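# Understanding the architecture of this molecule
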Amino acid sequence: MRGKHRVIVYTKRVRYDFELRRNITVIRGDSATGKTTLIDMVQEHINNPSGSPVEVICDKPCYVLAGALWKEQLSGVSDGIVFIDEGNEFVKTDEFSRTIQGTDNYYVIVTREGLSALPYSVEEIYGIRTSGKFGTLKQSYHEFYRIYGTDVAKSMVKPDIIITEDSNSGYQFFKQVSDENRMECYSAEGKSNIFRYLKGDTGKNMLIIADGAAFGSEIDRVLWMMKGRDNVAVYLPESFEWLILSSGIFGDKDLEDILNEPSDYVESKEYFSWERFFTALLVARSRDTYLTYSKRKMNHAYLSKNVKEKILARMEKITLN
């Protein structure tokens, strides 16, 4: 499955209306915010589509996954929107993560905890709130709102220390930039290790760089560790490969179209996260050119003055020189 898909779930009194654009969407929030009500309404419509007061409008079939037989249920689901309510412990397991890789579904998961086994985006974590959109109508309208991904630094960020999520080309690139500008640079060697660097406050300005496309499970811990500290900033591009592609060094018109609307091009059955898609795209676009890209080892062409400056210029509000 690919593309954006609008889902409308409603009765005469309650209405949910939202758009999905990636294979994994996470719904967060406290009790009584309408999360379970949404899942229950979808289930009621599935159980009795003609006799239920619940209507579901979507260009894809909707399903609810629950209980010990979830794998058997999922085996019969294809090209659909799969809803999973909180309390289903299987969503936290590596088995669930492995099982849904390669499926052509989109998943909407209600949870209050981070799901470390799943690579979901910080931009696809939502809450639900009630809106007065329907004015005097006696209808409660529930809308999704993005919890993360909207904060922008109010002033320029100039770090003394850079912490990267990975130890491959992204780290090698920023290590070179750091060495040139007398900054420190370290690899956390995995997204789950980043918070360790936040435990001690050296007083130096720190910039954390990670793949936003798969950082959803860690964002709570990192932001909690940052509370009350104005010397730490987090930069979450989709991925390092996205940063390169969006820098303009290739100049392809169709590439611009892809970057503007990735959901139209990312096939969920093939790419478990957008980070994987952008890696494959960069490898394909750079093949047989002087910019041939390898995720494991940085091509020195990307460290040439002209190319490097274009990549760094894409990092708005951040100065590394």
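A quick note: this is a predicted structure, and the numbers were derived from the prediction, not measured.

## Section: the pattern of salt bridges
Enumeration according to the criterion identifies 27 salt bridges in this entry. Two residues, E124 and R22, come together in a salt bridge whose shortest N-O distance is 3.3 Å. Of the two residues, E124 sits in the loop between β7 (106–110) and β8 (125–131) while R22 sits in the loop between β2 (14–20) and β3 (24–27), which places them 102 residues apart along the sequence. For the residue pair E124 and R22, the accessibility class agrees, reading buried in each case. With a closest N to O distance of 3.1 Å, E86 and R112 form a salt bridge. Within this pair, whereas E86 is found in the loop between β6 (81–84) and α3 (94–100), its partner R112 is found in the loop between β7 and β8, the two being separated by 26 residues in sequence. A relative accessible area of 25% places E86 in the partly exposed class. Judged by its relative accessible area of 43%, R112 falls in the partly exposed class.

## Details of empty space enclosed by the protein
With a probe scaled to a water molecule rolled over the atoms, the places where space remains empty come into view. In total, this model carries three cavities of 30 Å³ or more according to the counting rule given. The calculated volume of the largest cavity comes to roughly 80 Å³. In terms of lining, the largest cavity is formed by T164, E165, D166, G170, Y171, F174, I209, A210, D211, P237, S239 and F240. For the lining of the largest cavity, the leading source of residues is helix α4 (residues 169–180), giving three residues. In terms of residue class, the lining of the largest cavity is made up of six nonpolar, three polar and three charged. Around the second largest cavity sit R22, N23, I24, P119, Y120, S121, A213, S273 and W274, which together line it. Tallied by class, residues from the lining of the second largest cavity come to five nonpolar, three polar and one charged.

Thresholds, definitions, all that
Counting from 1, residues in each chain are numbered in the order their sequence is written. Thresholds applied to this predicted model are a pLDDT of at least 70 for local features of residues and 80 or more for the giving and counting of side-chain atom pairs; totals over whole chains, interfaces and linings are not thresholded and use all residues. The side-chain values count all of the structure's non-hydrogen atoms but skip hydrogen atoms and water molecules. A pair is scored as a salt bridge if a Lys or Arg side-chain nitrogen falls within 4 Å of a carboxyl oxygen belonging to Asp or Glu. In this description a helix means any DSSP run of H or I spanning at least four residues, a strand means any run of E spanning at least two, and both kinds are numbered starting from the N terminus. Relative accessibility under 20% of the residue-type maximum defines a buried residue, over 50% an exposed one, and the middle range a partly exposed one, all with a 1.4 Å probe and only protein chains included. Of the two site types, the cavity is a set of points on a 1 Å grid over the protein atoms alone where a 1.4 Å probe fits but cannot get out, and the pocket is an open set with protein on both sides within 12 Å along at least five of seven lines, each lined by residues with an atom within 4 Å of a point. Grid points are joined across faces, edges and corners, and a volume is the space filled by probe spheres set on the points. Amino acids outside the nonpolar list (Ala, Val, Leu, Ile, Met, Phe, Trp, Tyr, Cys, Pro) and the charged list (Asp, Glu, Lys, Arg) are all regarded as polar, and Gly is one of them.

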